[in-house]
Amino acid sequence: MSDTGIRMAGHAAPDAPAPVTPHQVAHRGGETNPSAAALAARFPGAVTRTEVTWGETTVHIVAAQARHLIQWLHDDPSQQYEYLVDVTAVEYRGGGPLEVVWHLRSIAYRRFLRLKAALDTTKDLVVPSVWPVYKGADWLERECYDMFGIHFEGHPDLRRILMWEQYKEGYPLRKDFPLRGRFSRSEQLTQALSANPEAHYSMGELRIADAFDDLPKEMKVRLGHGEVTGE
Amino acid sequence: MATRTVEVALATTGLDGAGNPVRTPLVTDAGGKVVPVTPHDAAEPDFGGEHMLINIGPQHPATHGVLRLVLELDGETVVRCVPHVGYLHCGFEKIGEYRQYNQIIPWTDREDYLNSIGNNVAFVLSAERLFGVEITPRCTVLRVIAMELSRIISHLVWVGTTSIDMGAFTPFLWSFQERENVYRLLEAWTGARLTTSGTRVGGMIADIPAGWLDDLKNFVRTFPRTIDEVDAMLTKHAIWVGRTIGLGAMSADEALNYGLSGPMLRASGVAYDVRKDFPYLDYETYDFEVPVGSAGDVYDRYLVRVEELRQSVRILEQAIARLPDGPVNIDDPRLILPPKSKATSQMESMIHHFKLVMEGPRPPIGEAYVAVESPKGEKGYYMVSDGTSKPVRWRIRPPSFVNLSAIPRMVEGHLLSDVIAINASIDIVMGEIDR
């Protein structure tokens, strides 16, 4: 395929030492990702502790500082964490804080770093959004909000993504959410049957287009009064 | 995007004296040089801001599942795209918190269902890290074979369905015929075609049956011919090139920032492949290349995937050559069930069997994220254990979910018909996106 412009690249980071499959990984301890020490030196107040589990470095940080730290990890030439792998959260059985987890990769240095921020579940769950740093955080944060109810401050469009917008039963991946759902089957059926079948589009979508003008007048009035629509 | 030249062939112009097909460039410039097939320039007349709202899906054959796109159109040009997902959401991650580790494996079949055995392998790799066990050499190679077969299936489905989306029916038949051959192999090995559940924590469901390796060798020998046929049919086909080139282009920086992975990222020129950069299953000892594009458009994504099929065949050849003898499952009674004959005849084995099934193996407290290169991109399983037999959290890092999140950026400014091509090029599987 030489004439089509496809080239055969060996590695994303040819200068870095060739990686090997990890074997006999230790449960605790082992080599710490050098970014953890750099992060602790640069932001002494924001890093609470560092641990290495199964060969992966976890840096525990203060939730409110998350975006500053991640911005620095992304921008600093000695770190270059250009790739956001995942944004998710963990809630443990039997109480305790809820942890927001960021998985980052530095492709140039072949590093993997996990950042964790603990949130008190008795207060509002708020962390800064990393969307200004990584556009890929858009849906990942929306999913995390949808499943755990964590508000990502600064996210441009934080709304439910996997569940529908009028879903009222709460946040499914929280530990206090029963596996069968919070409402009874009959209540779920009642709600499904009473949904407005006309409401295919959200107000946001209707407002963007001139299609709004073509709607029947009574529907326009209803939507204009803030009736929640959309799936 | 920099313009580039792709020589295209028209299949209808016949053969020359030597019997070779005559290649007729579609466009030449004044100097007689072949000029690039430029992307659609916005020649649409402006109708004074008469925007239209159009809905595609959730039930539409070209959305590859229950994806719904709400598009705002100016004439035929997309101004804005609002995707809606979640129609297949079944709460896999929630259910996983109520299941033992081996019981989660059937759920991994059903998320990215074109890559079931690849997901099985990825899941147990993560679980084995959490348990701190090392698999046997034979199992390592068998899993490489499983993952590459699974990559071949997924890419074949992609080539077939995408060519149908753009009006080419024949490659669909070829690719699905080959896919059938792979499914026959997987069925002989695991007993199932789609929902394989082919792995267990610490090993595989079974060793490969007698004679299976010969069937695999046969497939590896004959399959490259089909790749060449698809390549010959599509790569220089005027309609194919015209309908794919320049569409949905993402630059390397942008693709990284959007978190794209797999062929989507590599088509944009970033040579990031988990098999090379964060290897698992001893992938660093296999000799294979990572194809990388430059323009990051639909055409490059196609080229990268076709080349990946060839590289998968190379890996399979090496894996067949090095497959060692020996046990498949590890020798660890904490994880592996006793043989059925013993479980029904010896009291100790029966108790052992009962306790493993009813209580399940317990990993130490800890967490692990293990990623593999799935056909769609970086697929990772993040698992957190609190020392009980069920995970506290089982998180799937879905590559096509993140890849699809860039679709509003990719389709804006393109024509409505190009939305179908761009959407197809992402290689989405809604089972994985909605989970």
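Our subject is the structure that appears above.
A brief report on the enclosed structure follows. (Residues numbered from 1 in each chain as written. Chains lettered and ligands numbered in written order. Predicted model: local features only at pLDDT ≥ 70, side-chain atom pairs only at ≥ 80, totals over all residues. Heavy atoms only, no water.)

With that out of the way, let us pick up the sheet that holds strand S5 (residues 98-106) of chain A. The strands making up a sheet associate through hydrogen bonds between their backbones, and the pairing can be parallel or antiparallel. Residues and elements named next belong to chain A. Spatial strand order, S2-S3-S6-S5-S4: five strands in an open sheet with mixed pairing. Each end of this open sheet is capped by a strand with a single partner; those strands are strand S2 (47-53) and strand S4 (83-91). Ignoring which end each strand starts from, the neighbouring axes of this sheet average 20° apart. Lying over the sheet, helix H3 (residues 137-148) contacts S4 and S5, oriented at roughly 5° with respect to S4. (Pairing = 2+ DSSP bridges. Helix = DSSP H or I, 4+ residues; strand = E, 2+ residues; numbered from the N terminus. Axes fitted to C-alpha atoms, helices over the stretch in contact; angles between N-to-C directions. Contact = heavy atoms within 4.5 Å.)

Moving on to the side chain of Asn33(A). Residues and elements named next belong to chain A. Relative to the helices and strands, Asn33 is located in the loop between strand S1 (7-9) and helix H1 (34-42). Within the structure, the side chain of Asn33 is placed 2.9 Å from the backbone nitrogen of Ser35, a separation counted as a polar contact. One polar contact links Asn33 to Tyr81, side chain to side chain, over a distance of 3.1 Å. Apart from residues lying up to four places away in sequence, Asn33 is in contact with Thr57, Tyr81, Arg111, Phe112 and Leu113. (Polar contact = N/O pair within 3.5 Å; in protein donor to acceptor, adjacent residues only side chain to side chain.)

All names here are of chain B. Compared with the 33 Å implied by 1.5 Å per residue over 23 residues, the 32 Å span of helix H6 (residues 212-234) between its first and last C-alpha is a close match. All buried positions along H6 are accounted for by Trp212, Leu216, Phe219, Val220, Phe223, Thr226, Ile227, Val230, Asp231 and Leu234. In the core, the buried residues of H6 are packed alongside helix H4 (137-165), helix H5 (170-190), helix H7 (238-244) and helix H11 (298-322). (Expected span 1.5 Å × (residues − 1). Buried < 20%, exposed > 50% of the residue type's maximum accessible area, 1.4 Å probe, protein only.)

Turning to the environment of Gly202(B), a few remarks are in order. Residues and elements named next belong to chain B. Summarising the element assignment, Gly202 is placed in the loop between strand S4 (199-200) and strand S5 (203-204). For Gly202, a relative accessible area of 0% corresponds to the buried category. Along the chain, Gly202 and Ala319 lie 117 residues apart, while their C-alpha atoms are 20 Å from each other. Once you skip the residues sitting within four places of it in the chain, Gly202 turns out to touch Glu128, Ile135, Arg143, Val328, Asn329, Ile330 and Ile336.

What follows is about the pairing of strand S3 (residues 77-84) of chain B. Consecutive side chains of a regular strand alternate in pointing toward one face of the sheet and then the other. All names here are of chain B. With six of eight residues buried, S3 is to be regarded as a mostly interior element. As judged from the seven bridges shared by strand S2 (residues 68-74) and S3, these two strands associate in the antiparallel manner. Residue Val70 lies in a different strand from S3, and its bridge partner there is Val82. In sequence, S2 turns back onto S3 through a hairpin of two residues, with Gly75 there showing a positive phi of about 65°.

Our next topic: a nonpolar patch on the surface. Taken together, the side chains of Leu337(B), Phe354(B), Val357(B) and Met358(B) define a hydrophobic patch exposed on the protein surface, amounting to about 400 Å² of accessible area. Residue position: Met358(B) is located in helix H13 (residues 347-358). (Patch = residues over 30% accessible without salt bridge, like charges linked within 9 Å, V, L, I, M, F, W, Y side chains within 5 Å. Areas by Shrake-Rupley, 256 points an atom, 1.4 Å probe, with all protein chains shown as cover. Salt bridge = Lys/Arg side-chain N within 4 Å of Asp/Glu carboxyl O.)

In this section: the environment of Gly57(B). Residue and element names in this part refer to chain B. In this fold, Gly57 is placed in the loop between strand S1 (51-56) and S2. Separated by 27 residues in the primary sequence, Gly57 and His84 have C-alpha atoms spaced 9.4 Å apart. With near-sequence residues (within four places) excluded, Gly57 lies in contact with Leu67 and Arg68.

Here we come to the packing of H4(B) against H11(B). All names here are of chain B. Relative orientation of the contacting elements H4 and H11 amounts to 155°, with a least axis distance of 9 Å. Looking at the two axes, H4 sits roughly antiparallel to H11. Pair H4 / H11 crosses with left-handed handedness. Contacts between H4 and H11 involve Val141, Val144, Ile145, Glu148, Leu149, Arg151, Ile152, His155, Leu156 and Trp158 on the former and, on the latter, Tyr302, Arg305, Glu308, Leu309, Ser312, Val313, Ile315, Leu316, Ala319 and Arg322. When its residues are assigned to classes, the contact of H4 with H11 shows 13 nonpolar, two polar and five charged. (Parallel < 35°, antiparallel > 145°, perpendicular 65-115°, else oblique. Left-handed = near helix turned anticlockwise from the far one by under 90°. Nonpolar A, V, L, I, M, F, W, Y, C, P; charged D, E, K, R; others polar.)

All right, on to the packing of aromatic side chains then. Residues and elements named next belong to chain B. Considering all chains together, one arrives at 21 aromatic pairs over all chains under this definition. Relative to Trp394, the ring of Tyr381 has its centre 6.3 Å away and its plane inclined at 15°; by these criteria the two rings are stacked. Here Tyr381, found in strand S8 (residues 377-385), pairs with Trp394, found in strand S9 (residues 393-397); they are 13 residues apart in sequence, far enough to count as distant. The class for Tyr381 is buried, based on a relative accessible area of 0%. (Phe/Tyr/Trp six-rings, centres within 6.5 Å; stacked < 30°, edge-to-face > 60°.)

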